[in-house]
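Analysis of the macromolecular model
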Amino acid sequence: MGDELKDTTFSRTQRRQYRHKIQQCLDVFETMLAQASFDCDPPLTGMEIEGNLIGADYLPTMANAGVLSSIDDPAFQRELGSYNIEFNVPPRQFTALSALDLEAEVRARLNAAEAKARAHDARIVMIGILPTLMPDHLSGDWMSDSARYVALNDSIFAARGEDIDIDIDGPEPLNLHVGDIAPESACTSTQLHLQVSPSDFASHWNAAQVVAGPQLAIGANSPYFFGHRLWAETRVELFAQSTDTRPDELKNQGVRPRVWFGERWITSIFDLFEENVRYFPSLLPEISDEDPADELAQGRTPQLAELRLHNGTVYRWNRPVYDVVDGRPHLRVENRVLPSGPTVADMVANAVFYYGLLHRLAREQRPLWTQLGFAVAHDNFRRAARHGMAARLFWPGLGEVSAAELTRRVLLPLARQGLEEWGVAAEVVDHYLGIIADRVTTGRNGATWQVATVRALQERGASRTAALSEMLRRYCTHMHTNQPVHTWPIDLD
């Protein structure tokens with residue numbers, strides 16, 4: 001979650017002052033990009049893993065306050081729903097063997113957190129959307145105890161002026177009206193961070209946008225919501241609709257959504273922050289005491305609190321991040337494309353694949369984004385969310401190909417080259433890219449396994465509700481083995 005707020009309501013005067021302050025922050029940030037020194041060597045990577053809390057009945061349990069109190073670790077934080085938690089993995093250098101250490105540490109800390117959760121009759125499950133979540137679970141006290149979330153909910157609906165329609169097509173279309181942002185809490189993700197220099201930011205962000213479609217196609221893990229089978233990665237469309245501040249009239253005028261892929265390739269990180277300020281009204285206009293221009297003039301590093309807070313309410317799938325640690329500023333690309341789960345091994349493999357691709361594509365002499373229209377990259381992303389492994393994607397030099405063929409022929413070799421250039425040990429490259437290769441060969445990711453298992457259970461006579469519960473039980477069992485999802489059986493015997 002973001003930083004906590006002091007207030008949940010804001011006056012017109014505050015909003016006007018905030019607009020002035022955020023513009024001041026933007027001006028200072030532009031100066032810093034030209035003059036300041038940013039930490040970037042060696043680059044650090046980071047990971048955030050969002051999860052769900054379930055009871056012994058595999059239904060969501062609204063217990064994150066007690067669970068987090070027992071875990072008693074600042075790396076674990078609440079998220080929007082009181083059945084959500086987040087694990088912030090400490091940042092680290094990406095070295096020869098660091099991926100193995102990352103997997104071991106994440107497993108150990110999640111297992112320790114799981115043991116603490118059991119004292120509250122809760123378990124932690126990493127999955128893009130909890131398949132047993134139903135509308136009744138999001139009525140009443142579903143929201144975490146946080147002024148930030150109350151203010152965010154109120155601001156979204158004040159901006160919109162009416163209830164939100166959730167309207168998602170797919171094999172079993174879903175349409176409903178909601179009066180709060182509760183459905184957003186269903187969307188849990190794995191977020192990957194990469195620290196970069198100002199001069200390298202644009203190439204890395206553009207590369208991340210290029211690979212977002214293929215990345216999502218092979219990592220999809222959210223086929224069910226409220227009992228309906230929808231998209232392979234329903235989380236993408238659900239998140240967009242559940243935070244939409246636009247009534248139909250503003251959509252028809254072309255007003256941009258808060259959950260945004262973007263609309264152009266960039267030349268600087270400043271392009272993204274400038275778009276945020278230019279296009280999006282503030283949702284949480286809390287004003288700090290800092291004078292950023294004075295801080296910079298005094299030789300100190302400005303926090304730019306207003307700019308950072310505003311950036312946290314524009315939900316780009318690849319988000320720019322400005323942060324300050326120990327008085328030193330740095331920049332990160334925050335990749336928010338992937339769902340949570342299915343296993344730690346799968347998530348680390350996804351991360352290694354992504355970092356290898358970024359390292360190679362950001363250094364191409366003829367950048368791939370100069371050969372690919374931005375609208376095509378966005379279309380690839382939407383196709384991947386809808387169809388997952390079955391998506392057909394456009395790629396320069398190949399035309400329209402299956403996600404599997406693209407991954408085998410182009411992306412895995414590029415990722416391997418990038419990882420070798422980064423100095424990652426050969427056995428680590430072989431292990432984690434082997435997981436991606438086998439996932440593509442079998443055609444089995446989290447989404448396909450969930451759908452196939454539910455179908456098999458229903459063919460045996462189970463109701464949809466019972467099939468989803470039993471599927472989740474099996475999912476949790478396999479998750480704790482840490483065997484990659486492509487090895488999970490569907491045989492019910």
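For the structure itself, consult the block above.
So, here is what we can say about the structure in this document. Residue indices begin from 1 for each chain and proceed along its sequence in written order. In keeping with the model being predicted, local features are shown solely for residues with a pLDDT of at least 70 and side-chain atom pairs are shown and tallied solely at 80 or more, while totals for entire chains, interfaces and linings include all residues. For side-chain calculations, the full set of non-hydrogen atoms in the structure is used, while hydrogens and water are omitted.

**Examining the environment of Tyr18**
What counts is decided by this rule: Elements are defined by DSSP. Helices are runs of H or I of four residues or more, strands are runs of E of two residues or more, and each kind is numbered from the N terminus. Residue burial is assigned from relative accessible area. The probe radius is 1.4 Å, only protein chains are included, and a residue is buried under 20% of its type maximum, exposed over 50%, and partly exposed in between. Contact definition: two residues touch when any of their heavy atoms are within 4.5 Å.
Topologically, Tyr18 is positioned in helix α1 (residues 12-35). You can call Tyr18 buried: its relative accessible area is 2%. Between the C-alpha atoms of Tyr18 and Gln241, which are 223 residues apart in sequence, the distance is 26 Å. Look past the residues within four positions of Tyr18 in its chain and what remains in contact with it is Ser282, Leu284, Pro285, Glu286, Ile287, Glu306, Leu309 and His310.

**Examining unusual backbone geometry**
In the segment running from Asp41 into Pro42, the intervening peptide bond is cis, with an omega of 0°. Here Pro42 is to be found in the loop between α1 and β1 (44-54). Omega for the peptide link from Gly341 to Pro342 comes to -5°, which places this bond in the cis form. On the secondary structure map, Pro342 appears in the loop between β13 (328-339) and α11 (344-361). The phi angle at Asp326 is positive, at roughly 55°, despite the residue not being glycine.

**Some thoughts on the side chain of Glu295**
Secondary-structure assignment places Glu295 in helix α9 (residues 292-297). A relative accessible area of 19% places Glu295 in the buried class. Leaving out residues up to four positions away in the same chain, Glu295 has contacts with Glu290, Arg300 and Pro302.

**Some thoughts on the pairing of β13**
Put simply, the test is: Pairing between two strands requires that DSSP report at least two bridges joining them.
Counting buried positions along β13 yields 11 of 12 residues, so the element is predominantly enclosed. As paired elements, strand β7 (residues 189-196) and β13 share 7 bridges and run antiparallel to each other. The residue of β13 that forms the bridge with Leu194 is Val333. As defined by bridge partners, strand β12 (residues 318-325) adjoins β13 across 8 bridges and the pair is classed as antiparallel. Counted as the bridge partner of Val321 is Arg332 from β13.

**A closer look at the environment of Asp491**
Mapping Asp491 onto the fold places it in the segment after α16 (464-481). The exposed category is assigned to Asp491, whose relative accessible area is 52%. Between the C-alpha atom of Asp491 and that of Ala452, which follows or precedes it by 39 residues, the distance is 9.8 Å.

**A look at the packing of aromatic side chains**
Our working rule: Ring pairs are drawn from Phe, Tyr and Trp, using the six-membered ring of Trp, whenever the two centres fall within 6.5 Å, and their geometry is named by plane angle: stacked under 30 degrees, edge-to-face over 60, tilted for the rest. By definition here, charges over rings are those cases where NZ of Lys or CZ of Arg is within 6 Å of the ring centre and within 35 degrees of the ring normal.
If you walk through the whole model with that rule in mind, you get 20 aromatic pairs. Measuring from ring centre to ring centre gives 4.8 Å for Trp265 and Phe374, while their planes differ by 70°; the resulting arrangement is edge-to-face. With a gap of 109 residues between them, Trp265 in the loop between β10 (259-260) and α8 (269-279) and Phe374 in helix α12 (residues 374-387) connect regions that are remote in the sequence. Pair check on accessibility: Trp265 and Phe374 agree, each one buried. Grouping aromatic residues by their ring pairs yields a cluster made of Trp205, Phe239, Phe261, Trp265, Tyr315, Trp317, Phe374 and Phe381. Positioned above the aromatic ring of Tyr279 is the side chain of Arg256, whose terminal nitrogen or guanidinium carbon lies 3.6 Å from the ring centre.

**Comments concerning the pairing of strand β14 (residues 392-395)**
Residues in a regular strand point their side chains to alternate faces of the sheet. Of the two faces of β14, the one holding Leu393 and Trp395 is buried and the one holding Arg392 and Phe394 is not buried anywhere. Looking at chain direction, β14 and strand β15 (residues 399-402) are connected through 4 bridges and run antiparallel. Pairing of Phe394 across the sheet is with Glu400, part of β15. Counted between consecutive antiparallel strands, the loop separating β14 from β15 contains 3 residues, among which Gly397 sits at a positive phi close to 85°.

**Quick word on the side chain of Asn482**
Heads up, the rule is: Any N or O atom pair separated by 3.5 Å or less is treated as a polar contact, with the protein-specific requirement of one donor-capable and one acceptor-capable atom, and with residues adjacent in sequence counted only for side-chain atom pairs.
You can see Asn482 is positioned in the segment after α16. Accessibility expressed as a relative area gives 8% for Asn482, which makes it buried. Looking at Asn482, its side chain comes within polar contact range of the main-chain nitrogen of Val344, at 3.3 Å. If we skip the residues at most four places from it in the chain, Asn482 touches Glu103, Arg107, Thr343, Val344 and Ala345.

**Here's the deal with the packing of helix α5 (residues 198-219) against α12**
The relative placement of two packed helices comes down to the angle between their axes together with the axis-to-axis distance. Put simply, the rule reads: Whenever a helix is involved, its axis is fitted only over the stretch in contact; in every case the axis is a line through C-alpha atoms, and angles between N-to-C directions fall within 0 to 180 degrees. In what follows, roughly perpendicular refers to angles from 65 to 115 degrees, roughly parallel to angles under 35, roughly antiparallel to angles over 145, and oblique to any angle outside these ranges. Helix crossings get a hand from a simple test, with the near helix turned counterclockwise from the far one by less than a right angle marking a left-handed crossing and a clockwise turn marking a right-handed one. Three categories are distinguished: nonpolar for Ala, Val, Leu, Ile, Met, Phe, Trp, Tyr, Cys and Pro, charged for Asp, Glu, Lys and Arg, and polar for the others, with Gly belonging to the last.
At a minimum axis separation of 7 Å, α5 and α12 run at an interaxial angle of 25°. Of the possible angle classes, the one that applies to α5 and α12 is roughly parallel. The crossing of α5 and α12 is left-handed. Contacts from Trp205, Gln209, Ala212, Gly213, Leu216 and Ala217 in α5 reach Phe374, Ala377, Asn380, Phe381, Ala384 and Ala385 in α12. When its residues are assigned to classes, the contact of α5 with α12 shows 9 nonpolar, 3 polar and no charged.

**Details of helix α14 (residues 426-442)**
Cut-off, in case you're wondering: To estimate the expected span of a helix, count its residues, drop one, and scale the result by 1.5 Å. Note that the bend at a residue is defined as the angle between axes fitted to the seven residues ending at it and the seven residues starting at it.
Compared with an ideal rise of 1.5 Å per residue, which puts 17 residues at 24 Å, α14 spans 23 Å between its outermost C-alpha atoms and is within 8% of the ideal. Gly434 marks where α14 bends most, by close to 25°. Residues Val428, Val429, Tyr432, Leu433, Ile435, Ile436, Arg439 and Val440 constitute the buried set of α14. Along its buried surface, α14 packs onto α3 (98-118), α5, α11 and α13 (403-422). Directly after α14, the chain includes Gly443, whose backbone phi takes a positive value near 70°.

Take it as geometry only, folks, not as evidence of what the structure does.
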